[in-house]
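What follows is each chain in one-letter form.
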Amino acid sequence: MKNKSLISINDYSKEDYLKILDLAEEFENNSVQKILEGKVVATLFFEPSTRTRLSFESAVNKLGGKVIGFTDAASSSVQKGETLKDTIMTVANYSDLIVMRHPIEGSARYASEVSKVPVVNAGDGANQHPTQTLLDLYSIKKTQGKLENLNIFIVGDLKYGRTVHSLLIAMSHFNPTFNFISPDFLKMPDEYKLFLDEKGIKYYEHSDFTKYIDQADIVYMTRVQKERFSDPIEYEKVKNVYILKNKMLENTKENMRILHPLPRVNEINEDVDANPKAYYFQQAENGVYTRQAIIASILGLK
Ligand code: CP
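Predicted model only: the values in this text are computed from it and were never measured.

S.K.: Is there a simple way to think about the site of the ligand in this case?
M.R.: Around the ligand, a shell composed of Ser49, Thr50, Arg51, Thr52, Arg101, His129, Gln132, Pro261 and Leu262 is seen. Between an oxygen atom of the ligand and a side-chain N or O atom of serine 49, the distance comes to 2.6 Å. Within the contact set of the ligand, an oxygen atom lies 2.9 Å away from a side-chain nitrogen or oxygen of arginine 101. Taken by itself the ligand offers 250 Å² of open surface, and the protein chains cover 91% of this. Among the residues making up the shell around the ligand, the classes are represented as two nonpolar, five polar and two charged.

S.K.: Explain the pattern of salt bridges here, please?
M.R.: Once the charged atoms of two side chains with opposite charge are near each other, the side chains can pair. A complete count under the given rule lists eleven salt bridges for this structure. Put simply, lysine 193 and aspartate 190 hold a salt bridge, and the shortest N to O gap is 3.7 Å. In this pair, lysine 193 and aspartate 190 both sit in helix H7 (residues 190-199), three residues apart, roughly one turn of the helix. On the basis of relative accessibility, which here comes to 10%, the residue lysine 193 falls in the buried class. Between lysine 239 and glutamate 236 there is a salt bridge, with its nearest N and O atoms 2.9 Å apart. For lysine 239, a relative accessible area of 31% translates into the label partly exposed. Each member of the salt-bridge network shares a partner with another, and the members are Asp190, Lys193 and Glu205.

S.K.: Before we go on, may I ask you to explain the packing of aromatic side chains in this structure?
M.R.: Two numbers describe a pair of aromatic rings. These are the distance of the centres and the angle of the planes. Overall, the coordinates contain eight aromatic pairs when judged by the stated rule. Ring plane angle 40° and centroid distance 5.8 Å describe the contact between phenylalanine 185 and phenylalanine 229, whose orientation is recorded as tilted. Of this pair, phenylalanine 185 sits in the loop between strand E6 (177-181) and H7 while phenylalanine 229 sits in the loop between strand E8 (218-221) and helix H8 (232-238), placing them 44 residues apart in sequence. When its relative accessible area of 32% is taken as the criterion, phenylalanine 185 is described as partly exposed. Phenylalanine 229 gets classed as buried once you look at its relative accessible area, which sits at 12%. Looking at lysine 159, its charged tip hangs above the ring of phenylalanine 185, at a distance of 4.2 Å from the centre.

S.K.: Could you clarify how one ought to interpret the sheet that holds strand E7 (residues 202-206) in this entry?
M.R.: Pairing between sheet strands relies on hydrogen bonds along the backbone, with the strands arranged either parallel or antiparallel. An order of E7-E6-E5-E8-E9 is seen for the five strands of this open sheet, with the pairing classed as parallel. Looking at the sheet topology across the chains shown, the edges are occupied by E7 and strand E9 (257-259). Here the strands of the sheet are splayed against their neighbours by 20° on average, with no regard to which way each runs. In this sheet, E9 lies alongside E8 in parallel orientation, the contact comprising three bridges.

Definitions and limits used
- Residues numbered from 1 in each chain as written.
- Predicted model: local features only at pLDDT ≥ 70, side-chain atom pairs only at ≥ 80, totals over all residues.
- Heavy atoms only, no water.
- Near = heavy atom within 4 Å.
- Polar contact = N/O pair within 3.5 Å; in protein donor to acceptor, adjacent residues only side chain to side chain.
- Areas by Shrake-Rupley, 256 points an atom, 1.4 Å probe, with all protein chains shown as cover.
- Nonpolar A, V, L, I, M, F, W, Y, C, P; charged D, E, K, R; others polar.
- Salt bridge = Lys/Arg side-chain N within 4 Å of Asp/Glu carboxyl O.
- Helix = DSSP H or I, 4+ residues; strand = E, 2+ residues; numbered from the N terminus.
- Buried < 20%, exposed > 50% of the residue type's maximum accessible area, 1.4 Å probe, protein only.
- Phe/Tyr/Trp six-rings, centres within 6.5 Å; stacked < 30°, edge-to-face > 60°.
- Lys NZ or Arg CZ within 6 Å of the ring centre and 35° of its normal.
- Pairing = 2+ DSSP bridges.
- Axes fitted to C-alpha atoms, helices over the stretch in contact; angles between N-to-C directions.

Below is the structure:
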């Protein structure tokens, strides 16, 4: 992992995931360790973010490093027409690691090819969000005590939701059963279903959310990604199709946990928040420890 960009969850092996999770646990037990002194991490966010950017920045601060960057490309020379290549080649002169979120699929890979320092993909369009996946794995392992043989329900926008695409690939190493619940328009793309077929992993597609929820170990809720729709009428049709309410959890397994990469809009009622099965805010906290582990691994810091 040392000096290696993290662009797709496929860039890391199962063993790499497990090493990151072990290291994240160490950071959770002792999160303030000044191993990043003298190092600079650039956070370049061409799209909005709360959790990813701030948890990366919190991670760097806790490790004693410094953060530079922008939260809005309009405040950078991109506004004057500077290309992504020139932006990355410049920022690579100022930093030891670049964390980038960009709306265009493949942009993070391209950035890693022109950068002299490692690049971490903080989300590229509807493609991938690998650091979210590592914190999701950490959250699943922490709550279930294992990653193997779990029944994982993924609900909502399976077409545009980049977190579910990365999660599906990563969990495929651990013999899951997937249940995909979405409106027809937002079904899991065929390429991911083919991937599961090739790996011999079981998956089921439903439109009825509540019918099988009692079998779930993890219910992974997602937001309908309004910003990816070209037709606002299509968004209006599907935006509130699945809303998780507290009363729907009555017959679910005791140890079932609800995850959501956040932000949520309407898809989880606030009456779920006080239920001990709701885990999404702890999941967001786990982002700090997991990102500390990712930074330390890529920069080769002990
Ligand atoms: N989960 C996630 O990517 O959240 P943000 O968009 O707030 O970074």
